[in-house]
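What follows is each chain in one-letter form.
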Amino acid sequence: MRLINKVILITGSGSGIGRSTALLFAREGATVIVNDLDEAKGIETLKYIQDAGGMGHFIHADVTNPESVMLMIDQIIKKYGQIDVLFNNAGISGVGALHEIEPDTWDRVIQVNIRGVYLSSKYVLPHMMKRKSGNIINMSSCVAEIGLARRASYSATKGAVLALTKSMQVDYASYNIRVNAILPGTILTPFVENYLVSSYDDRESAMASIKKRQLSEELGTPEDVAQAALFLASDESKFMMGSPLYIDGGATFGKNA
Ligand code: NAD
C-alpha cells in the first residue's frame, strides 16, 4: 500500500498505460480519479478498479477544453478536498514526416499533448500550492530524445512536455511540489496497435521491425510504465525533481548492432 490516502487524477485512463496505472494505483490504496474523453472506456476502467475492491471515480472531460478541465478539478476538490498527484497521461499519436502532416492534424496533436498538460496542471496547481504539497507526472516519450521516422508532430510535443516539466519544477519547488516526466519506449497499447494498422502495409513485419528498436527486442507493456509511474507517485521518489524517467528497453541510450 504505497499510495494510501492519496487522491490521484490520471488523464486518459480509459485505455492503455493510463488504465494499467489506474488499476495499479488503486491496488496500492489510492483513490483514483479516472478521466477520459471516451466515456465508455473510462467507466470500464472504473468498473475494473471497483471489482478489484479499489476506490475510484470517473469524470468525463476533454483535457484540451478549459471549461471541461475546470469543472473536473472543481468536482474533485468538492468531493475529496485535495489532489495529491496529477498524472498528465492523455495523449494522441501523430504519424507523418513534417511535409505530410495536415495543419489540422498538427494542431490536434499539439492541443492534446501540450495544451492538455498545460490546462490540467494550470487548474490543479493552485490547490497544490495552497496545501504546499503536490506531485505532477508528465507523460513524455523517448522520442523527446531520439529521432524516430515520421513522428514530427508527436516528437515535437513530447520534447515540449519534457522541457515544460523542468520549467514547472523550478517554479513550484518552493511549494513542495515535484514535477517529473516519464519517457517510455514503444509500449503495446491500442495507441501502437492503431498506428501499426494505419501506417504500415503489413502488421507482422511492422511489429518485427518496431521490436528491434529496443535492446530487449520486445515491446514494453503498460504495466512496465505503470510501475515507473508508481515510483514517481509514491514518496519513495521524494528526491526526484524535474527529471526524466526512461522506461524504454534501452531504446534511448542503447543501439542494436
Ligand atoms: P491509448 O490510446 O491507449 O490511451 C490514451 C487515452 O487518452 C485514450 O483512452 C483516449 O481516449 C484518451 N484521450 C485522448 N485524447 C483525450 C482528451 N482530449 N481528453 C481526455 N482523454 C483523452 O494510449 P497509450 O499508449 O496508453 O498512451 C498514453 C500516453 O503515453 C500518451 O500520452 C502517449 O503519448 C504516451 N506514450 C505512449 C507510448 C506507447 O508506445 N504506447 C510511448 C511513449 C509515450
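Structure shown above.
Residues numbered from 1 in each chain as written. Predicted model: local features only at pLDDT ≥ 70, side-chain atom pairs only at ≥ 80, totals over all residues. Heavy atoms only, no water.

> Help me out: how do you make sense of the sheet that holds strand β4 (residues 85-88) in this one?
What links the strands of a sheet is backbone hydrogen bonding, and the strands pair in either a parallel or an antiparallel sense. The 7 strands are arranged β3-β2-β1-β4-β5-β6-β7 in an open sheet whose pairing can be described as parallel. The sheet is open, and its two edges are formed by β3 (55-60) and β7 (244-247), each paired on a single side. The sheet shows a mean angle of 20° between the axes of neighbouring strands, direction not considered. Two strands pair when backbone bridges link them, and strand β2 (residues 31-36) and β3 are joined in this way by 6 bridges, in the parallel orientation. When the bridges of β3 are listed, Ile33 appears paired with His57. Along the sheet, helix α4 (residues 103-131) makes contact with β4, β5 (134-139) and β6 (177-184), crossing β4 at roughly 175°. (Pairing = 2+ DSSP bridges. Helix = DSSP H or I, 4+ residues; strand = E, 2+ residues; numbered from the N terminus. Axes fitted to C-alpha atoms, helices over the stretch in contact; angles between N-to-C directions. Contact = heavy atoms within 4.5 Å.)

> Teacher, can you tell me more about the packing of aromatic side chains here?
In this description, a pair of aromatic rings is defined by centroid distance and the angle of the planes. Within this structure, the stated rule accounts for 4 aromatic pairs. With a centroid separation of 6.5 Å and an interplanar angle of 75°, the aromatic rings of Phe191 and Tyr195 are classed as edge-to-face. In this pair, Phe191 and Tyr195 are both assigned in helix α6 (residues 190-199), 4 residues apart and thus about one turn of the helix distant. A relative accessible area of 27% means that Phe191 is categorised as partly exposed. Between Tyr246 and Phe253, the ring centres sit 4.9 Å apart and the planes meet at 70°, which makes this aromatic pair edge-to-face. Overall, Tyr246 belongs to the partly exposed group, its relative accessible area being 24%. Taken together, Tyr154, Phe191 and Tyr195 form an aromatic cluster joined through their ring pairs. In this structure, Arg151 packs its charged tip against the face of Tyr195, placed 4.3 Å from the ring centre. (Phe/Tyr/Trp six-rings, centres within 6.5 Å; stacked < 30°, edge-to-face > 60°. Buried < 20%, exposed > 50% of the residue type's maximum accessible area, 1.4 Å probe, protein only. Lys NZ or Arg CZ within 6 Å of the ring centre and 35° of its normal.)

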